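# Chain and residue survey
Residue-level listing of the chains:
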Amino acid sequence: MAMTIMNDASAAMTLGELNKNISQLGKQLKKVSSGMKINSAGDDASGYSISEKMRVRIRALDQDERNVQNGAALLRVAEGGVQQQIEIMKTIKEKVLDAANDTNTDIDRATIQKEIDQGYRQLDTIAQETTYNGKRLLVGNAVDDVVETWLVKTTSELVEGSDAMNLVENQYDTLDGMTGPFAAFSKSEIKKASAETAGFSPTIAFEGGTNGTSATYTFTLGSSITSVDDLDGKGFYASGYYVLTKTPDSSHRYGVVSSDNSSASTYSVTEIDISGCGSVEDVMELIDTKISSVTGHTANTLTSTSQISGQSWTAKSGTTTGRAAVAGTGVVGSGEFLGGKNASGVDDDDPDTPPYEPATKATFTMSGVSADTGIALNGYYLKFVSGSGGRSSSATNGVYTVGVDYSGSFSFGSCTVAMNGGSLTFTANTAGTSGNSYRVTDGIPAVSPVTYNYQAAASLAGTSSSSGGSSAAPAYATVDVSGYSDVEDLIGDFTGKAITVGYSGYGNSDYFAQGFPYDSNRSGTSTYTYYNYYEFLDSASGNPIDNMQKINGSTTIDLNTLRTAVAGGKTIGQAFSDLLVGKNSRFAAAKNGDDQTVGIKVRSYSSGTSGNSEKLWLTQNNLRSYSLDYGSWFANNPGVSIPEYLDEKGFRAYCATDDSQWFNFYFTTGDDPDDVRPEADPDAEDIKTMFIDVSGVTDAASLVQAIKTQADEKLLGSDPDYNHHMRLIADTNNGVLTIYDQRLNTDSYLKNVKDASGNLLYHYQEEGAKIADGVQDNVLKDKRNIYVQELVIQHTDHASQNIRLKVPQTTLDHLYGYKKENFQPSDFHVLTKESRDALLGSTKPPVEGYLDKALDYLTGANTLIGAQIMRLGMTENNIVTSRESTQFSESTIRDADMAKEMTGYTKANVLAQAAQSMLAQANQNSSAVLGLLQ
């Protein structure tokens, strides 16, 4: 059998080693040629995986860096646009300051405004056209903030939702030309009241007044009169002049001739014809018959209700000298006095009442008078004569004289005359319109001579005496409180009421008889001549209104004193008497038949039976007020979230005498705009707004106390615009707030002061003071959106991790802070002082102007943009650092150690060459064996 050789084991083994060495050599060559120790996953699976992830991260970081660089470039474009707007706004402010200077005319300001308008347009143009890669940068695409601010309107309006509590009764849809609904304050007017147990219903009559009796006068003839002849020609006075005569001829006169014989005055004398009398007693009887005041006689006496006395007069006859006419001056003209005005207004600090204006005196002026002329005034005559002498001390023939060249002043005809060189100014001595009726008339009329003849009369001899007569007794009214067994009942009956003492002198007696001291309709005649109010208060009452004076000018009396007195052992009648006696001299203690004090008795003002017509009233007067019952409201609305519900609710109260003035009571939790609230100043509206912080309110009691405490800071403060007449009462026991007008409407306060239409003040509005739910204002809270351009800079490989840039919108509405639907750029002009002031702002009160607000906004926007540029720069630096670190880490994993790899390569190369040599040797050995076999 032949021998066969299948394998060369030595060569095969050597070939295998060669192949291994060649493969290793290839790997080492690849590492050496690439410089990386990992060229495929097969080189190092885990290392390859880590390295690849790091390479992805490095590429992402490269793109992040480019993103950040692009974002910074975008912001620099926005920054440049805002900087341009800042420069424009600086120019606009410069122009406004120029316009504010009064060296400019209105025409100049209109020209300046044209430049400002162009600036406004350019501001908006920059905002609209500042773009990067077609994206607008200064016009927002998202709402960044909602700002609460104040919106000022030209007229007031109801704050939406502020009237939701519905505490005010809707009595009137409109009042005084204003839209409601409104309720009217209770009217302040004196009304009758009653306290039946004390006898008031509402009056107590005066009783017991008696008239006095008059004295009887007796005239006794003198002893010298024994016959009728002794009485002939005798005169006497008995409420008139009388003469006894046997020859009556109506010639008897009692006359007076002036000392200068220029005039004569005559008084009537009644002649009693005694020619038919046979005795003195007959004459006495005749006198008794002729004279009504004579009530009886005897043979030589007369009895009369008035005194009789003898009277004599001398005979006078002649003719008065009369007076020649004096020519007129020719310069009097109308002679009309002008300028006299009665006093008007009220002498107080009430801004709603006309200011007090004192009465002025009427005057008349004339000039150019010459000598030997004259004038007449109010029945007096003045003649101008040559020279400079002053007015004569007495009148001659009724005429005073004064030199035409006199300089000085003198009295004449109820006037004071200032004279200087022929010019005269007459001023009425009494101020008021009465002086306007004075007239200077030109010339002095002549007075014709008068012939007079006064027959003499001798005095009737006799003596007068009187006897009898008594004084009148006053009437009394008694307030008997003995019917009260509990002092609290008495206090309850009298609190808030007043004892009124007076009597009716003339006028509307029917109205007076009903128990009212005066006619509130003011029909033209007074219905009282005297009255006083004694008003009862209770200082211990839980209701503050019980301790308030309601009748102006009243004497207040605290009924709480009765509690102490009765507790100390006094009877109710004694305590009541002690409380009132001494308050008025007409008050005295009233006692019953057992000498027990039961109250007071009041003496009539008038003595005699006229005192019986007087009345003692019990009256009461309401405060001019309205009450808001928060206690009931809270009870009917349980579970209301306090104070959140109260926020932006409130009410308003209108002044009784100024239909354009009202007070807002505006509830707030303190979340108000940061801006200083502008003053309410619409045309024809006088709005006072008080913010009431209700953040600490927990119930009705704390609410009414919060309203009073906080509102009183203004209502009682130093600002006269707020410290007017509105006042508050907080009844914390019941949760009731009462708002009232402190002016008490009584005649003693009004003093007949009237408005321009002749109506008494405090009554001239339709229903006086009024109140309404809700706050009505022209300064309103408003919400405004602040827009920004939101930009996302992707600087990581996660969608949720990026930089969000905000570029503020810089259109004019954002710069000036207004809503486009409320204002236009044209509203911000320099044509009026008010608008210029609004642009520039003020320090008193501190209000930032629109210009500074805009500059602040723009610089703030640029600051924000700059800060974001800085952030992007820092972000870029961080990306670079991160990339470098990642690259280093990745290099550590994947990069080859060239020294080591070259050693490996050399080794692999040597081994490959050795393997080749060995393979060759092995192959030679195989050939030799084959050769042997052959």
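Residues numbered from 1 in each chain as written. Predicted model: local features only at pLDDT ≥ 70, side-chain atom pairs only at ≥ 80, totals over all residues. Heavy atoms only, no water.

### Side note on the overall build of the protein
Going by this rule: Runs of H or I in DSSP of at least four residues are treated as helices and runs of E of at least two as strands, each being numbered from the N terminus. Here's how the labels work: a residue is buried when its accessible area is under 20% of the maximum for its type, exposed when over 50%, partly exposed in between, all with a 1.4 Å probe on protein chains only. The contact definition used throughout considers only heavy atoms, calling two residues in contact when any of these lie within 4.5 Å. We get accessible surface area from the Shrake-Rupley algorithm with a probe of 1.4 Å; when it comes to residues, only the shown protein chains can shield them.
From N to C terminus, the protein includes 15 helices and 47 strands. Residues counted as buried form 41% of the 934 residues belonging to the protein. Restricting to contacts in the protein with at least 6 residues of sequence separation, those with at least 24 account for 70%. Carbon and sulfur atoms provide 47% of the accessible area of the protein, an area that totals close to 46,200 Å².

### Quick look at the nonpolar core
Our working definition: Residues belong to one nonpolar core when they are buried, are Ala, Val, Leu, Ile, Met, Phe, Trp, Tyr or Cys, and are joined through side-chain atoms within 4.5 Å.
Counting residues in hydrophobic clusters, the biggest one holds 42 residues, and the most contacted among them are M89, I92, Y120 and Y816. Among the secondary structure elements, those contributing two or more residues to this core are helix 2 (45-100), helix 3 (106-129), strand 44 (776-793), strand 45 (803-808), helix 12 (812-816) and helix 14 (850-894). A total of 13 residues in this core trace back to one element, the largest contributor, which is helix 2. Contacts of I92, omitting those with residues within four sequence positions, involve I116, G119, Y120, L123, Y816 and L851. Residues L703, A706, M726 and I739 belong to the second largest nonpolar core, which totals 36 residues.

### Points about the pairing of strand 15 (residues 301-304)
The condition is simple: Paired strands, in this sense, are two strands between which DSSP finds at least two bridges.
Two elements, strand 8 (residues 216-221) and strand 15, share four bridges in a ladder whose sense is antiparallel. In the strand pairing of strand 15, T220 is matched with T301. Taken together, the three bridges between strand 14 (residues 294-297) and strand 15 define a ladder with antiparallel strand orientation. The residue of strand 15 that forms the bridge with H297 is L302.

### Details of the packing of helix 2 against helix 3
Rule in force here: Between N-to-C directions, angles span 0 to 180 degrees; the directions come from axes that are lines fitted to C-alpha atoms, helices contributing only their stretch in contact. Should an angle fall under 35 degrees it is called roughly parallel, over 145 degrees roughly antiparallel, and 65 to 115 degrees roughly perpendicular, with every other angle called oblique. For any helix crossing, the convention is left-handed if the near helix is rotated counterclockwise from the far helix by under a right angle, and right-handed if that rotation is clockwise. Following the grouping adopted for this structure description, the nonpolar residues are Ala, Val, Leu, Ile, Met, Phe, Trp, Tyr, Cys and Pro, the charged ones are Asp, Glu, Lys and Arg, and the polar ones are all others, Gly among them.
Axis separation between helix 2 and helix 3 bottoms out at 10 Å; the angle between their running directions is 165°. The angle between helix 2 and helix 3 places the two elements in the roughly antiparallel class. Between helix 2 and helix 3 the crossing geometry is left-handed. Across the interface between the two elements, G81, Q84, Q85, I88, M89, I92, K95, V96, D98, A99 and A100 of helix 2 pack against R109, I112, E115, I116, G119, Y120, Q122, L123, I126 and A127 of helix 3. Across the contact of helix 2 with helix 3, the residue classes break down as 12 nonpolar, five polar and four charged.

### Examining the sheet that holds strand 4 (residues 172-175)
The strand order across the open sheet built from six strands is 4-5-43-38-39-40, with neighbouring strands paired in mixed fashion. Each edge of the sheet is formed by a strand with only one pairing partner; in this case those strands are strand 4 and strand 40 (686-693). Strand-to-strand twist in this sheet, taken as the mean axis angle between neighbours without regard to direction, amounts to 40°. Pairing between strand 39 (residues 661-668) and strand 40: eight bridges, direction parallel.

### Side note on the packing of aromatic side chains
Cut-off, in case you're wondering: By convention, a stacked pair of Phe, Tyr or Trp rings (six-membered ring in the case of Trp) has centres within 6.5 Å and planes under 30 degrees apart, an edge-to-face pair has planes over 60 apart, and any other such pair is tilted.
Enumeration according to the criterion identifies 32 aromatic pairs in this entry. Centre to centre, the rings of Y120 and Y816 are 5.8 Å apart; their planes meet at 85°, and the pair counts as edge-to-face. Taken together, the residues span a long stretch of sequence, with Y120 in helix 3 and Y816 in helix 12 at a distance of 696 residues. Note on accessibility: Y120 and Y816 belong to one class, buried.

### Re helix 10 (residues 700-715)
Let me state the cut-off plainly: How far a helix is expected to stretch is found by multiplying one less than its residue total by 1.5 Å. Nitrogen and oxygen atoms within 3.5 Å of one another constitute a polar contact, given that in protein one can donate a hydrogen and the other can accept it, and given that sequence-neighbouring residues count only through two side-chain atoms.
Taking 1.5 Å per residue as the helical rise, helix 10 with its 16 residues ought to reach 22 Å, and the 21 Å between its terminal C-alpha atoms agrees with that figure. Every buried residue of helix 10 is accounted for by A700, L703, V704, A706, I707, A711, D712 and L715. In this fold, the buried residues of helix 10 make contact with helix 9 (630-636), strand 38 (650-654), strand 39, strand 40, strand 41 (726-731) and strand 42 (736-741). Measuring from the side-chain oxygen of the N-cap residue of helix 10 to the backbone nitrogen of A701 gives 3.4 Å; that N-cap residue is D699.

### Overview of a negative patch on the surface
Definition in use: Patch membership is restricted to residues that have no salt bridge and whose relative accessible area is over 30%. Joining uses 9 Å for like charges and 5 Å for the nonpolar side chains Val, Leu, Ile, Met, Phe, Trp and Tyr. Any carboxyl oxygen of Asp or Glu within 4 Å of a side-chain nitrogen of Lys or Arg constitutes a salt bridge here. Just so you know, the count uses Lys and Arg for positive and Asp and Glu for negative, and it drops His and the chain ends. Here the site of a charge means atom NZ of a Lys, CZ of an Arg, CG of an Asp or CD of a Glu.
Side chains of E679, D681, D683, D719, D721 and E834 sit close together on the surface and give a patch of like negative charge. Within the secondary structure, D681 is located in the loop between strand 39 and strand 40.

### A few points about the environment of N67
By secondary structure assignment, the location of N67 is in helix 2. For N67, a relative accessible area of 22% translates into the label partly exposed. Contacts of N67, omitting those with residues within four sequence positions, involve I793 and Q794. One polar contact links the side chain of N67 to the main-chain carbonyl oxygen of Q794, over a distance of 2.8 Å.

### Considerations on the sheet that holds strand 41
Note on sheets: strands pair through backbone hydrogen bonds, and any given pair is parallel or antiparallel. Taken together, three strands build an open sheet; the order of strands is 37-42-41 and the sheet is antiparallel. Either end of the sheet is taken by a strand with one partner, and the two such strands are strand 37 (624-629) and strand 41. Geometrically, the sheet is characterised by an average inter-axis angle of 20° between neighbouring strands, direction not taken into account. Relative to the sheet, helix 10 contacts strand 41 and strand 42, its axis offset from that of strand 41 by approximately 155°.

### Structural notes on the environment of Y381
Of note, Y381 is situated in strand 21 (residues 380-385). It is 8.6 Å that separates the C-alpha atoms of Y381 and G443, two residues lying 62 residues apart in sequence. Apart from the residues within four sequence positions on either side, Y381 is in contact with R323, I375, A376, G398, V399, Y400, F412, I444 and P445.

### Overview of the confidence of the model for the protein
Convention followed: Confidence scores per residue from the predictor, reported as pLDDT, run from 0 to 100.
Residue-level pLDDT values for the protein average 85, and 85% of them are 70 or greater. Per-residue pLDDT stays below 50 along residues 505-529; that stretch engages in 52 contacts with residues further than four places along the chain or on separate chains. In this model, residues 746-753 is a region of pLDDT below 50 whose contacts with residues beyond four sequence positions or in other chains number 28 contacts.

### Remarks on the pattern of salt bridges
Using the criterion set out here, one finds 21 salt bridges in the structure. When the shortest N-O distance is used, the salt bridge between D229 and K246 registers 2.6 Å. Taken together, the residues D229 in the loop between strand 8 and strand 9 (234-237) and K246 in the loop between strand 10 (241-245) and strand 11 (254-257) connect sequence positions 17 residues apart. The residue E614 makes a salt bridge to R586 at a minimum N-O spacing of 3.5 Å. One end of the pair, E614, is in the loop between strand 35 (597-607) and strand 36 (615-621); the other, R586, is in the loop between helix 8 (572-580) and strand 34 (587-591), and 28 residues separate them in sequence.

### Details of unusual backbone geometry
Along the chain, G180 connects to P181 via a cis peptide bond; the corresponding omega equals 10°. Within the secondary structure, P181 sits in strand 5 (residues 178-184). I642 connects to P643 through a cis peptide bond whose omega is 5°. By the element assignment, P643 lies in the loop between helix 9 and strand 38.

### Description of helix 4 (residues 280-290)
Those residues of helix 4 that sit buried are V280, V283, M284, L286, I287 and D288. Buried residues along helix 4 sit in contact with strand 8, strand 9, strand 10, strand 13 (270-273), strand 14 and strand 15.

### Some details on the packing of helix 2 against helix 13 (residues 833-840)
With their axes 10 Å apart at the nearest point, helix 2 and helix 13 run at an angle of 140° to one another. Taken as axis vectors, helix 2 and helix 13 run oblique relative to one another. Crossing angle aside, the handedness with which helix 2 passes helix 13 is left-handed. Residue-level contacts link V96, L97, A99 and A100 of helix 2 to R836, L839 and L840 of helix 13. Looking at the contact of helix 2 with helix 13 residue by residue, the class counts come to six nonpolar, no polar and one charged.

### Focus: the environment of D173
Tracing the chain through its elements places D173 in strand 4. In this structure D173 comes out as exposed when scored by relative accessible area, which is 64%. A C-alpha to C-alpha distance of 9.1 Å links D173 and A183, two positions 10 residues apart in sequence. For D173, the residues in contact, after removing those within four places along its chain, are M178, T179, G180 and P181.

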